[in-house]
Amino acid sequence: MQKITVTKSSLKNLKSDLLVMPFTAEELNKDAEKTLTAFGLDKGALKDFKGKPGDSLVLYSGGSKLKTPRVLLLGVGDAAEAEDLRKAGLAVAQQARSLQVKSLVLDCSSISSWARTADESTAIVAELLVDSILYGLYTFDRLKSGKLEKKKGKEKDSGVRLEELKIRVNAGSVKEVREGSRCGQVIADARSLVRDLVNLPGNLLNADGVAEAARKSAEKSGCKVTVFNKEEIEQLRMGGLQAVNKGSHAPPTFTILEYKPVSKPLATVALVGKGVTFDSGGISLKPSNGMDEMKCDMAGAAAVIGTVEAAALLELPLRVVGFIPATDNMPGGAAQTPGDVITTYSGITVEVGNTDAEGRLILADALAYAVKHYKPDAVIDLATLTGACIVALGYSVAGLFSNNDRFAGKIYEAGRKSGEKVWRMPVWEEYDELIKSEVADVHNAGAKGAGSITAAKFLEKFIDGHKTWAHLDIAGPAFSAKKGKTAQGGTGFGVRLLIDLLRDW
Ligand code: BES
Ligand code: MN
Ligand code: ZN
């Protein structure tokens, strides 16, 4: 956890390990030479600095008038647009990590002018910068004991972490930047929580662990939490969740996480998240190659926990209720078998043609429960639901499925704005043909083709005709197998998208 302070002290008086000086393209042309010269820095450095969003250059400031040993020139592009600011924030984090700095000063003296060109508020610009810097600093190292590292000496990653971030602003922006950076920190913390949960492997996070994470988050944010245990799930006849859990040694849980604003809410929004803590495929066992990545199969659940937490801490004027069915999906003597017919919470019967299409079985119960007991104005589910969605849209975009054009449009816009993009696919009735069952009301696996659409069509059966439903298939963007600009593993996908959507309700 980093300490973030906003100050109007002059840059010359601020001490830290690194001073970050962002420049828009215009500022680079107009002011950069003057600024560097005024601080006693060599303006020759500007020859090597193009100033594209996320470009950066380290200068050593010995002999200058600054109290920082290094200066980082940082490009924020032409108009300081959201995407450019995010790139810039990630670049700051990358440099802070590789230079192993403990404290840095970010010069935001021009933040109000960036906000004007980007057509955003100063607070939002501050939020974006803080959130993306913290996002870029994320590491998952709690499972490393350090026992095999050399005791001393400078290793590439000897564990030095940024502890303090000081943001320098003009007097007129202090209040807004404080507010924005607090929001940025709330969102970044929620995203880190999601990433931690996704990164925890199956042996360290089971269904009880998911419920426990929701409890802990609720305690932090002041939300109400209810957890149904195995007996209660049986009593409620949540047949989908029970069926998936049959092969497991760990009991299932069903968690409800509720945030209610102080004043009368504008609306009630139900968020439903798939919480499969490990998906082996069950008796329809997955191939072993890449099966380890199936620890990410509770990313929907994690995103729901993170979003409810952030909504509460940001005091959004909406009632936001999270529904989290959790279990692992394991083979075993007691496991459900292909061909089984089960009765879900709604009473709808399902032929389980493939035990690897398990996410939709547990979501079926959760959706029906949410709609029946909470009468939400809108329902959104998030799930790492189908490999087919990765085939269609790749690893950076989520599939969007909805029965409501206006609602889908809003989610699409929130995706563009937040950088967590979604692309809509149809849920036309032609696809119903593919999930017909000869023996039950519906089939869970679907005939050949349109795998992510048939999964969505399946879910749609369980919302009891609700008029404002959306399903986000996050199988691609929830998890990144390789280390890129940010850490390998969970990405936290969904939190920013949903918070942007909820804020503009
Ligand atoms: N959890 C998987 C989907 C998945 C795949 C998530 C890759 C993340 C990365 C899901 O439970 C699954 O196994 N889906 C099957 C459905 C099929 C059996 C109808 C799939 O996509 O193959
Ligand atoms: Mn599966
Ligand atoms: Zn799954």
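Above: the structure in question.
Everything quoted here is computed from the prediction, not taken from an experiment.

So, how was this worked out
Residues numbered from 1 in each chain as written. Chains lettered and ligands numbered in written order. Predicted model: local features only at pLDDT ≥ 70, side-chain atom pairs only at ≥ 80, totals over all residues. Heavy atoms only, no water. Helix = DSSP H or I, 4+ residues; strand = E, 2+ residues; numbered from the N terminus. Rg over C-alpha atoms; globule rule 2.2 N^0.38 Å. Contact = heavy atoms within 4.5 Å. Areas by Shrake-Rupley, 256 points an atom, 1.4 Å probe, with all protein chains shown as cover. Lys, Arg positive; Asp, Glu negative; His and termini not counted. Charge placed at Lys NZ, Arg CZ, Asp CG, Glu CD. Buried < 20%, exposed > 50% of the residue type's maximum accessible area, 1.4 Å probe, protein only. Donors = N, O, S within 2.8 Å, 3.2 Å for Na, K, Ca; no water.

A. A look at the overall build of the protein. The number of helices and strands found in the protein is 15 helices and 20 strands. On C-alpha atoms alone, the protein measures out to a radius of gyration of 24 Å, which is about the 23 Å that the 2.2 N^0.38 rule sets for 505 residues. By its C-alpha atoms, the protein is 80 × 50 × 40 Å across when sized along the principal axes. Taking the contacts inside the protein whose residues are at least 6 apart along the sequence as the reference set, 77% of them involve residues at least 24 apart. Counting every atom, the protein has about 21900 Å² of accessible surface; 50% of that belongs to carbon and sulfur. When the 66 basic and 62 acidic side-chain charges of the protein are each reduced to a single mean position, those positions are 7 Å apart.

B. Structural detail: unusual backbone geometry. The phi dihedral of Glu-315 is positive, around 55 degrees, even though this residue is not glycine. Relative to the helices and strands, Glu-315 is located in the loop between helix H10 (299-313) and strand E11 (319-329). One non-glycine residue, Asp-464, lies in positive phi territory at about 55 degrees. In this structure, Asp-464 sits in the loop between helix H14 (451-460) and strand E18 (469-473). The exposure class assigned to Asp-464 is exposed, which follows from its relative accessible area of 70%.

C. Broad picture of the coordination of the zinc ion (ligand 3). In this structure, Lys-274 (NZ), Asp-279 (OD), Asp-297 (OD) and Glu-358 (OE) serve as the protein donors to the zinc ion (ligand 3), at separations of 2.0 to 2.4 Å. Of note, the zinc ion (ligand 3) draws all its donor residues from one chain, in the sequence arrangement K-x4-D-x17-D-x60-E. Metal-to-metal, the separation of the zinc ion (ligand 3) and the manganese ion (ligand 2) is 3.1 Å; Asp-279 coordinates the two. Remark: Glu-358 occurs in the loop between strand E13 (349-352) and helix H11 (359-374) and Asp-279 occurs in strand E10 (residues 275-279); sequence separation between them is 79 residues. Under the relative-accessibility criterion, Glu-358 is labelled buried at 1%.

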